[in-house]
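Tertiary structure, described
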Amino acid sequence: MTFQYWDKNKECISREDLEAQQLKALKETVGRALLTPFYKERLGGVGITSADDIESVSDISKIPFTTKDDLRAAFPYGMLASPLDEVVRMHASSGTTGIPTVIYLSRQDVARWADYVARCIYGTGCTKSDVFQNMITYGLFTGGLGFHYGAEEVGMMVIPSGSGNTTKQFKLMKDFGTTVVHATPSFLLHVQSKMEEEGVDPRSLKLKKAFAGAEPYSEDTRRKIEAMLGIDVYNSYGLSEMNGPGVAFECQAKDGMHVWEDGYLTEIVDRDTLKPLPAGETGEIVFTILCRTATPILRYRTRDLSSFYTEPCVCGRTHRRLRRITGRTDDMLIINGVNVFPSQIEEVVMAMKEVGNNYLIVVEKDGSLDKLTVKVEVGSSIFADDARPLNALKEKIRKTLQASITINPRVELHQGGALPVSEGKAKRVHDTRPKDV
Ligand code: AMP
Ligand code: ZN
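Residues numbered from 1 in each chain as written. Chains lettered and ligands numbered in written order. Predicted model: local features only at pLDDT ≥ 70, side-chain atom pairs only at ≥ 80, totals over all residues. Heavy atoms only, no water.

With that settled, the discussion passes to the pattern of salt bridges. It is possible for side chains bearing opposite charge to pair when their charged atoms get close. Scanning all chains against the criterion turns up 35 salt bridges. The salt bridge involving Arg 222 is made with Glu 250; its shortest N-O contact spans 2.8 Å. Residue Arg 222 is found in helix H9 (residues 219–229), and its partner Glu 250 is found in strand S8 (residues 244–250); the two are separated by 28 residues along the sequence. Grouping residues by exposure puts Arg 222 and Glu 250 together as buried. A salt bridge links Lys 353 to Glu 354, with the nearest nitrogen and oxygen atoms 3.8 Å apart. Look at Lys 353 and you get exposed, because its relative accessible area is 74%. (Salt bridge = Lys/Arg side-chain N within 4 Å of Asp/Glu carboxyl O. Helix = DSSP H or I, 4+ residues; strand = E, 2+ residues; numbered from the N terminus. Buried < 20%, exposed > 50% of the residue type's maximum accessible area, 1.4 Å probe, protein only.)

Attention now moves to the sheet that holds strand S9 (residues 257–259). If you walk across this open sheet you meet the eight strands as S4-S3-S5-S6-S7-S8-S9-S13, and the pairing is mixed. Whereas interior strands pair on both sides, the edge strands pair on one side only; in this sheet they are strand S4 (157–159) and strand S13 (321–322). As judged from the three bridges shared by strand S7 (residues 232–239) and S8, these two strands associate in the antiparallel manner. For Tyr 237, the partnering residue across the bridge sits in S8 and is Ala 248. Here helix H7 (residues 166–176) sits on the sheet in contact with strand S3 (131–134), S4 and strand S5 (180–183), set at roughly 170 degrees to S3. (Pairing = 2+ DSSP bridges. Contact = heavy atoms within 4.5 Å. Axes fitted to C-alpha atoms, helices over the stretch in contact; angles between N-to-C directions.)

Turning next to the side chain of Thr 288. Along the chain, the position of Thr 288 falls in strand S11 (residues 283–289). Among the residues examined, Thr 288 registers a relative accessible area of 0% and is labelled buried. Excluding its chain neighbours within four sequence positions, the residues that come into contact with Thr 288 are Leu 26, Ile 60, Met 242, Gly 263, Tyr 264, Leu 265, Ile 297, Leu 298 and Arg 299.

Our focus in this paragraph is empty space enclosed by the protein. Counting across every chain of the model gives one cavity of 30 Å³ or more. Contributing to the lining of the largest cavity are Leu 71, Ala 74, Phe 75, Pro 76, Tyr 77, Gly 78, Met 79, Leu 80, Pro 100, Thr 101, Val 102 and Tyr 104. Of all the elements, strand S2 (residues 101–106) adds the most residues to the lining of the largest cavity, at three residues. Counted by class, the lining of the largest cavity contains 10 nonpolar, two polar and no charged residues. (1 Å grid on protein atoms, 1.4 Å probe; cavity = no way out; pocket = protein on both sides within 12 Å on 5 of 7 lines; lining within 4 Å. Points joined across faces, edges and corners; volume = space filled by probe spheres on them. Nonpolar A, V, L, I, M, F, W, Y, C, P; charged D, E, K, R; others polar.)

As enumerated under the stated definition, the model contains 12 aromatic pairs in all. When the ring of Phe 132 is compared with that of Phe 211, the centres are 6.0 Å apart and the planes differ by 40 degrees; the resulting orientation is tilted. Of this pair, Phe 132 sits in strand S3 while Phe 211 sits in strand S6 (residues 209–213); the two residues are 79 residues apart in sequence, bridging distant segments of the chain. Residue class for Phe 132 comes out buried when judged on its relative accessible area of 0%. (Phe/Tyr/Trp six-rings, centres within 6.5 Å; stacked < 30°, edge-to-face > 60°.)

Here is the structure:
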């Protein structure tokens with residue numbers, strides 16, 4: 001196999017040169033971080049008051065971790081390191097409650113992000129002759145614009161189709177000769193089943209590749225999508241706090257995701273002690289972003305579990321490879337690619353005076369897609385002959401939830417005492433999706 005590199009010097013850099021670059025970038029990033037109220041205090045607390053207090057990459061261990069809650073506490077501008085007039089973009093992701101986590105990018109930050117995404121895309125063998133359909137949510141979510149800019153950087157024609165609207169998606173594929181798509185794995189499976197339903201043969205299309213990410217999936221799911229659509233599927237991993245897509249991606253070898261260590265200093269730590277683990281062991285991924293000036297984030301605890309490969313990749317890239325994400329250390333649910341914390345749902349339902357004291361969150365598969373149902377207990381007076389107040393309340397809960405979590409749940413109302421009560425710690429989430437990772 002001949003491998004294709006977007007920037008071979010950067011991708012196949014010696015580990016020694018990489019470390020020298022990382023040190024320089026880490027010092028710069030710490031210097032930027034010290035400009036923010038949040039890190040000035042946090043770093044000051046451990047005696048780091050200047051970039052010169054970092055003398056080697058291993059000094060990273062002196063820096064305290066940053067969590068999603070820290071980002072929420074700094075909302076909206078506590079982690080901004082640039083004057084607003086240098087910022088050209090913001091993105092946001094859900095927080096553990098209604099407050100999202102926000103990142104800001106300068107013009108140069110956007111360009112560097114696009115370059116990392118281009119590196120990922122080009123590394124799968126795509127070229128500017130490809131036609132790329134971006135079947136993922138645009139907007140505050142980073143997957144839409146992140147891939148859009150990266151694909152344009154490669155020079156591909158981008159069809160910004162966004163997510164959903166399945167029938168229109170394959171009409172676009174047919175009309176414009178789409179060769180590459182980006183989507184969540186569950187949406188790819190959904191597209192395939194719709195094609196089958198409507199008698200569209202995927203092999204009659206020009207489709208060759210898909211980038212699938214934003215949610216966990218197994219090797220079996222990848223193979224299933226590949227066999228059904230007759231394409232190659234590449235795993236794409238990223239998170240909004242680290243810009244979004246472009247953090248780690250599979251190369252043509254399709255065996256683990258190269259994490260771009262010149263942009264993202266990566267540690268894997270024990271999920272309980274938070275101490276660095278020996279290479280190859282599974283733990284929580286911790287990132288320090290080295291390629292962004294407007295929002296430096298140091299030692300961010302992703303809550304994602306993975307491990308490093310210890311062998312080098314056949315492609316010759318020197319950036320280490322991460323295994324498929326095997327789970328999370330918190331209770332965040334990923335529903336059709338959208339992050340939802342049970343606490344966000346609790347906050348909405350418990351704030352409603354009509355709601356009793358028990359509720360249940362049910363997540364299940366509906367075909368290839370995920371379905372969310374929120375069951376809540378309400379006072380029995382509402383279950384009268386006239387269904388109107390009941391339906392109005394249901395609709396009110398559904399709308400408020402949708403406004404908070406951005407996905408549209410089904411809402412079921414139950415009489416007080418009807419929902420299961422667990423002994424001991426309440427079990428409010430019933431996730432019946434197969435765990436096949
Ligand atoms: P967001 O901040 O909305 O982009 O969500 C990021 C989270 O989505 C990550 O922390 C992971 O939990 C999950 N995620 C993204 N890509 C993948 C992937 N390829 N495999 C498994 N989980 C993923
Ligand atoms: Zn490789």
